[in-house]
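A structural walkthrough
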Amino acid sequence: MTVFDDLIGQQSAVRQFQRAVAGAADLVAGGPGTGMTHAWLFTGPPGSGRSEAARAFAAALQCADGGCGRCPSCHQVLAGTHPDVLYVRPSGLSYGVKDTRDLVLRAASKPSGGRFRVVLFEDADRATEAASNALLKAVEEPSPRTVWLLCTPTPDDLLVTIRSRCRLVTLATPGTPELVDALVRREGVDPQAARAAAKAAAGRIDRARQLATDPEARRRREEVLSIPARLDGPGACVVAAARLYAIAEEEAKTLTAALDEQERSELKAAFGEGSSGKGVAKAVRGSAGALKELEERQKRRATRTKRDSYDRALLDLAAFYRDVLTLQLGARVERSTDERSGDLERLARSGSPEATLRRIDAIMECRGRIAANVHPQIAMEAMTSALLVG
C-alpha cells in the first residue's frame, strides 16, 4: 500500500505524481530531475481532496521509496509532524502579508533531515493581494530544495504570475461507486448507508464521510432540503431564512467548540496551570497574552467555519433545485436529493425550467452576497423570497 492508494478517483493525478517523484529521486542523486519542479498548483472542486493529494505527494517526495506508506517519513508527513514539511491552513477569511513573509523565510531554510523543504499551503486563494505578491517572489526564486504545494479551487483563484510558474494538478470529482467503496472499505460504513451518503455528497469525499458517520449532519441536511416545500408565503420565507441561518450557526458551533476548548486547555497546561513549584504562578500570569492571541485566532477560525457552513447549506439547497431541473428536462442522471422525491416532483410540475434556473441563480447570488459581507440572515431572506416567486 502506498501513500497514493487513498486518493479516490485520481488515477491521472497519481501518474503525474509518480513521474515527478522519480524525477525528485534523480534530483537528489545529482541528476537533472526530469519531471520534477519546485512549485505545484492543486486545483479541483470542493471535496475533491486537494489537500489530501498534496499531502500524499509531500510524503512521496520525502520518502526514499517514493511514498511507500510504511516508513517513519511517510507516517510523519501524513500525520502532519514532519519537521521539513510546513503545513499552512489560513484560520481566518484571509492570509496576510506578515504571515506570508514569515512563511517565505521559514521555507528558504535547508531541510533538517528530509530530502526537501516542502510547503503545503491549503486554501492559497485566501492570501491577500499583498500576501500573493510576497509569495510570488518565493515561487520565482526558490531555494534549491524547497517545493511549494499550493491548493485552490481553480487556477484563476491565484495571480496569473504565480500560476504561470506552477505545474498544474487538476483533480477530478470522484464518482458515486468510488465514494461508496471508500466509505465501506475505510470507514466500515454499511453499503446501503454509504451509497446514500455518496449520492448526497455529489462527489465530495469529506461531505460523504460526514454524512455517513454523523447523524446530526444528516439531520441538518434533511432540514435544509425541507425548506422549499415550506415556502408558501412571505412570512414563511422569513421563518425559513431564520431557520437556515440557525442550522448553519449550529453546525459551525459544533465544529469549533471542542477544538477551541482543547486548544485552551493545552495552552494553559503548557504554561503550568494546575501544577505547583517555583515560578509556576509567574508563568501562569504570563500566559494572558498568549491566551488572548489564541482567542483572536479562534475567532477568525470561527468566522471562516461559519462561512463554510452557510455555503454548505446553500449548496445542498442548490442541489435540490438542480434535481428539480433534471426532472423538468427529463434528464436521466443521478440525483443527490432523491429522498425528497415527492417535493421534487411537485415543484417540477408546478413550475418551469426557467423559474428553476432563476431560483438556482438566487442561491448563487446569496452565496456571493455573504462572501461580500452582507449579513447572512438578510441575504437568506432575500434568497427565500426569490425562491417563492421563482
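As a reminder, the structure under discussion sits directly above these lines.
Presented here is a report on the structure given in the accompanying data block. Numbers given for residues are sequential positions, taken from 1 along each chain in its written order. The predicted origin of the model limits local features to residues at a pLDDT of at least 70 and limits the giving and counting of side-chain atom pairs to 80 or more, whereas totals for whole chains, interfaces and linings rest on all residues. For the side-chain quantities, the full set of heavy atoms in the structure was used; hydrogens and water were omitted.

**Overview of the overall build of the protein**
In terms of regular secondary structure, the protein is built from 17 helices and five strands. Throughout, the radius of gyration refers to the C-alpha atoms, and the reference size of a globule is 2.2 Å times the residue count to the power 0.38. Taken against the 2.2 N^0.38 rule, which gives 21 Å for 390 residues, the C-alpha radius of gyration of the protein at 23 Å falls within 12% of a compact globule. Projected onto its principal axes, the C-alpha coordinates of the protein cover approximately 70 × 55 × 45 Å. Remark: exposure states derive from per-residue accessible area (1.4 Å probe, protein chains only) relative to the maximum for the residue type, with buried under 20%, exposed over 50%, and partly exposed in between. Among the 390 residues that make up the protein, the fraction classed as buried is 45%. Note on definitions: a residue-residue contact is assigned when non-hydrogen atoms from the two residues lie within 4.5 Å. Taking all contacts inside the protein whose residues are at least 6 apart in sequence as the whole, residues at least 24 apart take part in 71%. Where the 56 positive side-chain charges of the protein centre and where its 50 negative ones centre are 3 Å apart. Strands here mean DSSP runs of E at least two residues long; helices mean DSSP runs of H or I at least four residues long; both are numbered from the N terminus. When charges are tallied, Lys and Arg are placed among the positive residues and Asp and Glu among the negative ones, while His and the ends of the chain are skipped. Charged groups are reduced to one reference atom each: NZ for lysine, CZ for arginine, CG for aspartic acid, CD for glutamic acid.

**With respect to the environment of E354**
One can find E354 in helix α16 (residues 353–371). Considering only alpha carbons, one finds E354 and A54, 300 residues apart in sequence, at a separation of 40 Å.

**Quick look at α16**
A helix is expected to span 1.5 Å for every residue after the first. The terminal C-alpha atoms of α16, which comprises 19 residues, lie 27 Å apart, in line with the 27 Å expected from a rise of 1.5 Å per residue. Just beyond α16, the residue with positive phi is N373, at close to 75 degrees.

**Let's talk about the layout of surface pockets**
Over the atoms rolls a probe the size of a water molecule, and its path tells where empty space is left. Points on a 1 Å grid, built from protein atoms alone, make a cavity when a 1.4 Å probe fits but cannot get out and make a pocket when they are open with protein on both sides within 12 Å along at least 5 of 7 lines; residues with an atom within 4 Å of a point are the lining residues. Grid points are joined across faces, edges and corners, and a volume is the space filled by probe spheres set on the points. Considered as a void within the structure, the largest pocket measures approximately 1600 Å³ in volume. Along its surface, the largest pocket is lined by 39 residues, and R89, D206, R304, D308 and R312 are the ones closest to its centre. Secondary-structure elements contributing two or more residues to the lining of the largest pocket are α2 (50–62), α9 (205–213), α12 (234–270), α14 (288–329) and α16. Looking at the lining of the largest pocket, the element that brings in the most residues is α14, giving 10 residues. When residue character is reported, Ala, Val, Leu, Ile, Met, Phe, Trp, Tyr, Cys and Pro are called nonpolar, Asp, Glu, Lys and Arg charged, and the others, Gly included, polar. Residue classes in the lining of the largest pocket are distributed as 13 nonpolar, eight polar and 18 charged. Counted as a void, the second largest pocket has a volume near 550 Å³. Together, 20 residues line the second largest pocket, and R89, P90, S91, Y95 and R297 are the ones closest to its centre. Of all the secondary structure elements, the ones that give two or more residues to the lining of the second largest pocket are β2 (85–88), α4 (97–107) and α14. Sort the elements by how many residues they give to the lining of the second largest pocket and α14 lands first, with six residues. Residue classes in the lining of the second largest pocket are distributed as six nonpolar, five polar and nine charged.

**Remarks on the nonpolar core**
One finds F17, W40, F42, F57, L61 and L149 to be the most contacted residues of the largest nonpolar core, which totals 34 residues. Of all the elements in the fold, those that place two or more residues in this core are α1 (11–28), β1 (39–43), α2, α3 (72–79), β3 (117–121) and β4 (146–152). When residues of this core are assigned to their parent elements, the largest contribution, eight residues, is made by α2. Not counting the four nearest positions on each side in its chain, L61 is found in contact with V21, A24, M36, R115, F116, V118 and V147. Take the buried residues of types Ala, Val, Leu, Ile, Met, Phe, Trp, Tyr and Cys, join any two whose side-chain atoms come within 4.5 Å, and each joined set is a nonpolar core.

**What to know about the sheet that holds β3**
Strand pairing follows a simple DSSP-based rule, namely that at least 2 bridges must link the two strands. The five strands lie next to each other as β2-β3-β4-β1-β5, forming an open sheet whose pairing is parallel. This sheet does not close on itself; its edge strands, each paired only once, are β2 and β5 (167–170). Strand-to-strand twist of the sheet, defined as the mean angle between neighbouring strand axes without regard to direction, takes the value 15 degrees. Strand contacts of α2: β1, β2, β3 and β4, with the helix running at about 165 degrees to β4, the strand carrying the most contacts. Note on geometry: axes are lines fitted to C-alpha atoms, helical ones only across the stretch in contact, with angles between N-to-C directions running from 0 to 180 degrees. Running over the sheet, helix α5 (residues 129–140) touches β1, β3 and β4 and is turned about 140 degrees from β4.

**Considerations on the environment of T2**
With respect to the secondary-structure elements, T2 resides in the segment before α1. On a C-alpha basis, the gap between T2 and A24 in space is 17 Å, while along the polypeptide they are 22 residues apart. Beyond its immediate chain neighbours, meaning those up to four positions away, T2 contacts G67 and C68.

**So, the pairing of β1**
Counting buried positions over the five residues of β1 gives five, a clear majority of the element. Because side chains alternate across β1, one face comprises the buried residues A39, L41 and T43, and the other comprises W40 and F42, equally buried. When β1 meets β4, the two strands line up parallel, connected through five bridges. Residue pairing for β4: F42 is matched across the bridge by C151. In terms of strand pairing, β1 meets β5 through four bridges, oriented parallel. What sits directly across from T43, in β5, is T170.

**Description of the pattern of salt bridges**
The rule for a salt bridge is simple: a side-chain nitrogen of Lys or Arg has to be within 4 Å of a carboxyl oxygen of Asp or Glu. Following the criterion strictly, the structure yields 31 salt bridges and no others. A salt bridge links R185 to D181, with the nearest nitrogen and oxygen atoms 3.3 Å apart. Of the two residues, R185 and D181 both sit in helix α7 (residues 176–187), four residues apart, roughly one turn of that helix. The shortest N-O distance in the salt bridge between R219 and E250 comes to 2.5 Å. A residue pair is termed long-range when its members are at least 10 positions apart, and R219 in helix α10 (residues 215–225) and E250 in helix α12 qualify at 31 residues. Judged by its relative accessible area of 29%, R219 is partly exposed. Under the relative-accessibility criterion, E250 is labelled partly exposed at 26%. Taken together, the shared-partner salt bridges connect E216, R219, R220, E223, R243, E250, E251 and R312 into one network.

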